[in-house]
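These are the residues of each chain, in order.
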Amino acid sequence: LYDYFKQLFAQVTNPAMDSINEGTVMALYSTLGSEKNLLEETPEHARLLRCDRPILTNDELERIRQLERPGFEARTFPALFKVSEGGEGLRGALEDLCRRVEDAIAEGANLIILSDRGVSPAEAPIPMLLATGAVHHHLVREELRTQCGIICETGEPRDVAQFALLIGYGAGAINPYLAFETIGDLIDDGTFIPEGIDRDEGIRNYLKACDKGLLKTMAKMGISTLQSYRGAQIFEAVGLDRGLVAQCFTG
């Protein structure tokens, strides 16, 4: 229970922290899967997938998607809507996404991948923060949230602020595939990237920068672990419709 209470006090006391000097008490690991009763302790409580960082490479996401281990089942859900249907199409697609995720959990899925791959002239992506918040709160209302981890496979986020928002509204891991593709293109072009850096090193540098940025962001709120930051919703909503906030960013 030590880690659990450490996370609680990180949220309650929250004086600003120094993410460098106090780095020994900070952690970026994220767990995915079905959580068990907090008031019990069994071997099944440890049956969770641990990611050392919340930002996943394409290969890491694919390993999760293809995982074949007892107690884990990954399902991918397209987060897209028909352009021709406009705003009502977006609203309907969002509601349908929530229902499909709920049904999948009832069937045993516990690694939920929300994906905006497959964008075309006919289908646009549901904004990933909207999709994540909607699914997260729908599962909370249905008392299913602890039964799964949410992973975002998305081309939208590229910087620390965007990653922090997704994590703050429920994402356990994020695969920013377009950011990786952009890094590769910049390296191939050779205009902005120093010579001698290949794609692998470029992506490693990017991931390291994201890690440091997330630690600094959490530290400003006095939060020491990503597990405490996930779903904490430490943001202000400015200019958004109250009905939208109530549905997707409750509280």
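Just above sits the structure.
Bear in mind that the values here come from a model prediction, so they are computed numbers and not experimental data.

Rules of the game
- Residues numbered from 1 in each chain as written.
- Predicted model: local features only at pLDDT ≥ 70, side-chain atom pairs only at ≥ 80, totals over all residues.
- Heavy atoms only, no water.
- Disulfide = S-S within 2.5 Å.
- Buried < 20%, exposed > 50% of the residue type's maximum accessible area, 1.4 Å probe, protein only.
- Salt bridge = Lys/Arg side-chain N within 4 Å of Asp/Glu carboxyl O.
- Helix = DSSP H or I, 4+ residues; strand = E, 2+ residues; numbered from the N terminus.
- Pairing = 2+ DSSP bridges.
- 1 Å grid on protein atoms, 1.4 Å probe; cavity = no way out; pocket = protein on both sides within 12 Å on 5 of 7 lines; lining within 4 Å.
- Points joined across faces, edges and corners; volume = space filled by probe spheres on them.
- Nonpolar A, V, L, I, M, F, W, Y, C, P; charged D, E, K, R; others polar.
- Axes fitted to C-alpha atoms, helices over the stretch in contact; angles between N-to-C directions.
- Contact = heavy atoms within 4.5 Å.
- Right-handed = clockwise from strand over helix to strand, strands pointing away.

1. Side note on the state of the cysteines
Counted according to the given criterion, the structure contains zero disulfides. Looking at the unpaired Cys-210, the closest cysteine sulfur is the one in Cys-152, lying at 14 Å. Sulfur of Cys-248: no disulfide; nearest cysteine sulfur belongs to Cys-98 and is 7.2 Å away. For Cys-248, a relative accessible area of 0% translates into the label buried.

2. Some remarks on the pattern of salt bridges
This structure, assessed with the given rule, holds 12 salt bridges. Linking Glu-62 and Arg-65 is a salt bridge whose minimum nitrogen-to-oxygen distance equals 3.3 Å. With Glu-62 and Arg-65 both in helix α2 (residues 58-65) and three residues apart, this pair spans about one turn of that helix. Classification of Glu-62 by relative accessible area gives partly exposed; the value is 33%. For Arg-65, a relative accessible area of 21% gives the class partly exposed.

3. Brief notes about the pairing of strand β5 (residues 111-115)
Counting buried residues in β5 gives five out of five residues, a clear majority hidden from the surface. Side chains of β5 alternate between two faces, with Leu-111, Ile-113 and Ser-115 and Ile-112 and Leu-114 buried alike. As defined by bridge partners, strand β3 (residues 74-78) adjoins β5 across five bridges and the pair is classed as parallel. In the strand pairing of β5, Thr-76 is matched with Ile-113.

4. Here we look at the layout of surface pockets
The space that makes up the second largest pocket amounts to roughly 200 Å³. Taken together, Leu-49, Arg-50, Cys-51, Asp-52, Arg-53, Leu-56, Glu-60, Arg-63, Ile-64 and Leu-67 form the lining of the second largest pocket. Of the residues in the lining of the second largest pocket, the class split is five nonpolar, no polar and five charged.

5. Section: the sheet that holds strand β8 (residues 173-175)
The sheet built from four strands is open, its strands ordered β3-β5-β7-β8 with parallel pairing. The two strands at the open ends of the sheet, each matched to only one other strand, are β3 and β8. If you compare each strand with its neighbour and ignore which way they point, the axes differ by 20° on average. Summarising the sheet, strand β7 (residues 149-153) and β8 pair through three bridges and their orientation is parallel. Within the sheet, the bridge partner assigned to Ile-151 lies in β8 and is Ala-173. Of the strands in this sheet, β3, β5, β7 and β8 touch α2, which is tilted by about 135° from β7.

6. Things to note about unusual backbone geometry
For residues besides glycine, phi is generally negative; the peptide bonds are generally trans as well. Here Glu-143, not a glycine, exhibits a phi torsion of approximately 60°, which is positive. With respect to the secondary-structure elements, Glu-143 resides in the loop between α4 (128-141) and β7. Residue class for Glu-143 comes out exposed when judged on its relative accessible area of 72%. The backbone of Gln-233 shows a phi angle near 55°, a positive value even though the residue is not glycine. Here Gln-233 is to be found in the loop between α8 (226-229) and α9 (242-248).

7. Observations concerning the pairing of β7
For β7, the tally of buried residues reaches five of five residues, placing the bulk of the element in the interior. Side chains Gly-149, Ile-151 and Glu-153 of β7 all project onto a buried face; the interleaved residues Ile-150 and Cys-152 project onto the opposite face, where all are buried too. For the handedness criterion, the β-α-β arrangement of β7, helix α5 (residues 160-168) and β8 is classed as right-handed.

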